[in-house]
Amino acid sequence: IPPQVMTDPSTKMGDGGSSVNSNYQMSIHEHSAWVSHDEVSTSKDGVKTYSHEIRLLEKIDGQWKLVGQSIHVYHPSNVE
């Protein structure tokens with residue numbers, strides 16, 4: 001996903017739609033953690049987008065902060 005979509009999603013992705021997440025996996029240690037999941041996003045006109053997502057977090061001053069994110073879009077026919 002281009003960085004512009006993450007910094008300004010409202011103008012790039014339109015209004016409406018929904019998403020369903022599944023297959024959560026995570027690892028949490030003292031001051032660092034990661035979480036991943038699969039996502040199926042459906043636009044308001046019914047177009048589905050499939051992705052694997054991972055987020056990296058660090059505990060800074062006692063609060064968890066997002067320090068990295070990666071989204072890998074795929075077509076379901078390319079997955080066995």
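It should be noted that the structure appears before, not after, this text.
Everything numeric in this text was worked out from a predicted model, so none of it was measured. (Residues numbered from 1 in each chain as written. Predicted model: local features only at pLDDT ≥ 70, side-chain atom pairs only at ≥ 80, totals over all residues. Heavy atoms only, no water.)

1. As for the overall build of the protein
Inference 1: The helix and strand tally for the protein stands at two helices and four strands.
Inference 2: For the protein, the α and β elements follow one another from N to C terminus as α-α-β-β-β-β.
Inference 3: Residues counted as buried form 16% of the 80 residues belonging to the protein.
Inference 4: Long-range pairs, those at least 24 residues apart, make up 23% of the contacts in the protein with a sequence separation of at least 6.
Inference 5: Accessible area of the protein: about 6,100 Å², with a carbon and sulfur share of 54%. (Helix = DSSP H or I, 4+ residues; strand = E, 2+ residues; numbered from the N terminus. Buried < 20%, exposed > 50% of the residue type's maximum accessible area, 1.4 Å probe, protein only. Contact = heavy atoms within 4.5 Å. Areas by Shrake-Rupley, 256 points an atom, 1.4 Å probe, with all protein chains shown as cover.)

2. What about the pairing of strand S3 (residues 48-60)?
Inference 1: Judged from the 11 bridges that link them, strand S2 (residues 32-42) and S3 form a sheet pairing that is antiparallel. By the bridge assignment for S3, threonine 42 is matched with lysine 48.
Inference 2: In this antiparallel pair of consecutive strands, S2 and S3, the connection spans five residues, and glycine 46 shows a positive phi of 90°.
Inference 3: Across 11 bridges, S3 lies against strand S4 (residues 63-74) in antiparallel orientation. Bridge assignment links isoleucine 60 to a residue of S4, and that residue is glutamine 63.
Inference 4: Connecting S3 to the next strand, S4, in antiparallel fashion are two residues, including aspartate 61 with a positive phi near 50°. (Pairing = 2+ DSSP bridges.)

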